[in-house]
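Chain by chain, the residues run as shown.
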Amino acid sequence: MPYTDKPQDVLRDITPKKEPYPVYLLAGEEEYFTDKIEKKIVSTYMTEEASDFNYTLLYGNSTSIPEIVTASSRVPIMSDRTIVVVREAQELLKGQSDEDQSLGALSPIIKNINKYNILILCFKQKKPNRRSAITKLIEKVGLYVESKEIRDYKIEQYIAPLAETHGLQLTFEAIKVVAEHIGTDIQRMDSEMEKLATALPPDQRQRVTQEHVLKYTGLNKEYSVFDLRKALAQKDRARSMRIAMMLAADARRTPIQMIIPVLFSYFANLLVAFYSPDRSQQGVMRHLDLKNSFMVKDYMAGLQRYGAGKVTQIISYLRYCDARSKGMYSDDGEPEEILIDLVLFILN
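Quick look at the structure, then. (Residues numbered from 1 in each chain as written. Predicted model: local features only at pLDDT ≥ 70, side-chain atom pairs only at ≥ 80, totals over all residues. Heavy atoms only, no water.)

Remarks on the side chain of Glu-38
Right, on to step 1. Mapped onto the fold, Glu-38 is located in helix 2 (residues 31-45).
Right, on to step 2. Not counting chain neighbours up to four residues away, the residues in contact with Glu-38 comprise Leu-26, Tyr-55, Val-85, Arg-87, Ile-120 and Cys-122. (Helix = DSSP H or I, 4+ residues; strand = E, 2+ residues; numbered from the N terminus. Contact = heavy atoms within 4.5 Å.)

This is the structure in structure tokens:
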């Protein structure tokens, strides 16, 4: 299995009884899995006592290919193996138009790496080209794991395996609740499963119901305007309308004058993103000056589900609804009516 786009299978297969690959290339949009796989490899194949001499952590923006080669050539000291982790490995590609030119110097060590060494290359935002010679070499001797972006309609199939890593068996209804409240935020999902595993006694972990989920996690909280923004970014009609109606019913807690600026900011930035010279996740982050990949996900979703023309109309309608909410038109309507009208306009 030199290449796989099923990171959950990789996580399940990393066990002390199974020999690790000598080289792992971890990349893809779902950075949660990149981090999770890296940490599980280290925790499974390296003891804490041996880590002082046999574990090396490097960062792409502060290391070099020769340093990675040197670290990967070391002989284990009082341990079965050494592990070298290179985080933010995409930084090694900066200023280079050819991956083989920048990473090619790793070829000798990858070709001759022995079973006592593990090299883990972790790429964030930018993933290597599978057609490059160095990537083909890694796939020949090691494992390339690509963690693709999780689509809304596929999220439920990720929940049960993730829960199992925490020793939990969720009922069908519980899985639905988790999918409904969390969506594709896999990092948050992991956190909520950890809460459940901590709160539930052992005899209840094999049948976790929706009541357990709502009682012991933060999923029973009231919806916020940011939940509405996320649902609209994904153009999830049912969820958007449900959240809008709940917010409209509690206008005192979340007045429409607070909702409109948040939505306006999102769609204004989304319009800017449409004119980014590079519409990859990394390019949009740079164009919008966003600080981390978590912030860019809603914009990447919006780019897929809306057009620039529609976004321009939405921005205009947001201005109109803002004026309505301030009584500038004779048919201004109640705040809840304005919010529902706005959400319907965005979705249609």
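Here the narrative resumes, following the displayed structure.
A word on helix 10 (residues 186-199)
Right, on to step 1. Along its 14 residues, helix 10 runs 20 Å from first to last C-alpha, staying within 8% of the 20 Å computed at 1.5 Å per residue.
Right, on to step 2. Within the span of helix 10, buried status applies to Ile-186, Met-189, Asp-190, Glu-192, Met-193, Leu-196 and Ala-197. Down the axis of helix 10, the buried set is contained in an arc of 165°. They therefore lie on one face.
Right, on to step 3. The inward-facing, buried residues of helix 10 abut helix 2, helix 8 (156-164), helix 9 (172-182) and helix 11 (210-216). (Expected span 1.5 Å × (residues − 1). Buried < 20%, exposed > 50% of the residue type's maximum accessible area, 1.4 Å probe, protein only. Arc of directions from axis to C-beta.)

Considering the pairing of strand 6 (residues 143-146)
Right, on to step 1. On strand 6, burial covers both faces: Leu-143 and Val-145 on one face and Tyr-144 and Glu-146 on the other are all buried.
Right, on to step 2. Sheet topology places strand 1 (residues 3-4) next to strand 6; 2 bridges connect them, and they run parallel. Paired with Thr-4 across the two strands is Val-145, which belongs to strand 6.
Right, on to step 3. Here strand 2 (residues 23-27) pairs with strand 6 via 4 bridges, running parallel. Paired with Ala-27 across the two strands is Glu-146, which belongs to strand 6. (Pairing = 2+ DSSP bridges.)

Comments concerning the packing of helix 14 (residues 256-274) against helix 17 (residues 308-325)
Right, on to step 1. Relative orientation of the contacting elements helix 14 and helix 17 amounts to 160°, with a least axis distance of 9 Å. One way to sum up the angle between helix 14 and helix 17 is to call them roughly antiparallel. In the crossing of helix 14 with helix 17, the sense of the turn from one axis to the other is left-handed. Every residue of helix 17 that contacts helix 14 at Ile-256, Gln-257, Ile-260, Leu-263, Phe-264, Phe-267, Ala-268, Leu-270, Leu-271 and Phe-274 is listed here: Ala-308, Val-311, Thr-312, Ile-314, Ile-315, Leu-318, Arg-319, Cys-321, Asp-322 and Ser-325. (Axes fitted to C-alpha atoms, helices over the stretch in contact; angles between N-to-C directions. Parallel < 35°, antiparallel > 145°, perpendicular 65-115°, else oblique. Left-handed = near helix turned anticlockwise from the far one by under 90°.)

What to know about the sheet that holds strand 2
Right, on to step 1. An order of 1-6-2-5-4-3 is seen for the 6 strands of this open sheet, with the pairing classed as parallel. The sheet terminates laterally at strand 1 and strand 3 (55-59), the two strands that pair on one side only.
Right, on to step 2. Against the sheet, helix 2 makes contact with strand 2, strand 3, strand 4 (82-87), strand 5 (117-122) and strand 6, and its axis sits at roughly 165° relative to strand 5, the strand it touches most.

Some words on the environment of Ala-249
Right, on to step 1. Note that Ala-249 resides in helix 13 (residues 237-249).
Right, on to step 2. Spatially, the C-alpha atom of Ala-249 lies 9.5 Å from that of Pro-335, the residues being 86 residues apart in sequence.

Considerations on the packing of helix 12 (residues 225-233) against helix 13
Right, on to step 1. Axis separation between helix 12 and helix 13 bottoms out at 9 Å; the angle between their running directions is 155°. It follows from the interaxial angle that helix 12 and helix 13 lie roughly antiparallel. Along this stretch, helix 12 crosses helix 13, giving a crossing that reads as left-handed. Contacts between helix 12 and helix 13 involve Val-225, Asp-227, Leu-228, Ala-231 and Leu-232 on the former and, on the latter, Arg-239, Ser-240, Ile-243, Ala-244 and Leu-247.
Right, on to step 2. The residue inventory of the contact of helix 12 with helix 13, partitioned by class, reads 7 nonpolar, 1 polar and 2 charged. (Nonpolar A, V, L, I, M, F, W, Y, C, P; charged D, E, K, R; others polar.)

Remarks on the side chain of Thr-4
Right, on to step 1. Structurally, Thr-4 is set in strand 1.
Right, on to step 2. Classification of Thr-4 as buried rests on a relative accessible area of 8%.
Right, on to step 3. Excluding residues that lie within four positions of it along the chain, Thr-4 makes contacts with Val-10, Leu-143, Tyr-144, Val-145 and Glu-146.

As for the environment of Val-69
Right, on to step 1. Structurally, Val-69 can be placed in helix 4 (residues 65-72).
Right, on to step 2. As for Val-69 and Ile-113, which are separated by 44 residues in sequence, their C-alpha atoms are 10.0 Å apart.
Right, on to step 3. Excluding anything up to four places from it in sequence, Val-69 contacts Ala-105, Leu-106 and Ile-109.

What about the pattern of salt bridges?
Right, on to step 1. In the structure shown here, the tally under the stated rule is 22 salt bridges.
Right, on to step 2. A salt bridge links Arg-151 to Glu-149; the nearest nitrogen and oxygen atoms lie 3.7 Å apart.
Right, on to step 3. With a relative accessible area of 31%, Glu-149 lands in the partly exposed category.
Right, on to step 4. Residues Arg-229 and Asp-298 are paired through a salt bridge, measuring 3.9 Å at the closest nitrogen-oxygen approach. Pair noted here: Arg-229 is in helix 12 and Asp-298 is in helix 16 (residues 293-305), with a separation of 69 residues, a long-range link.
Right, on to step 5. On the accessibility criterion, Arg-229 (24% relative accessible area) is partly exposed.
Right, on to step 6. The exposure class assigned to Asp-298 is buried, which follows from its relative accessible area of 12%.
Right, on to step 7. One salt-bridge network, held together by shared partners, links Asp-9, Arg-12, Asp-13 and Lys-18. (Salt bridge = Lys/Arg side-chain N within 4 Å of Asp/Glu carboxyl O.)

Points about the pairing of strand 4
Right, on to step 1. Counting buried positions along strand 4 yields 5 of 6 residues, so the element is predominantly enclosed.
Right, on to step 2. As paired elements, strand 3 and strand 4 share 5 bridges and run parallel to each other. By the bridge assignment, Leu-58 is partnered in strand 4 with Val-86.
Right, on to step 3. This β-α-β element, strand 3 to helix 4 to strand 4, shows right-handed connectivity.
Right, on to step 4. Judged from the 5 bridges that link them, strand 4 and strand 5 form a sheet pairing that is parallel. What sits directly across from Thr-82, in strand 5, is Asn-117. (Right-handed = clockwise from strand over helix to strand, strands pointing away.)

Just geometry here; none of it tells us what the structure is for.
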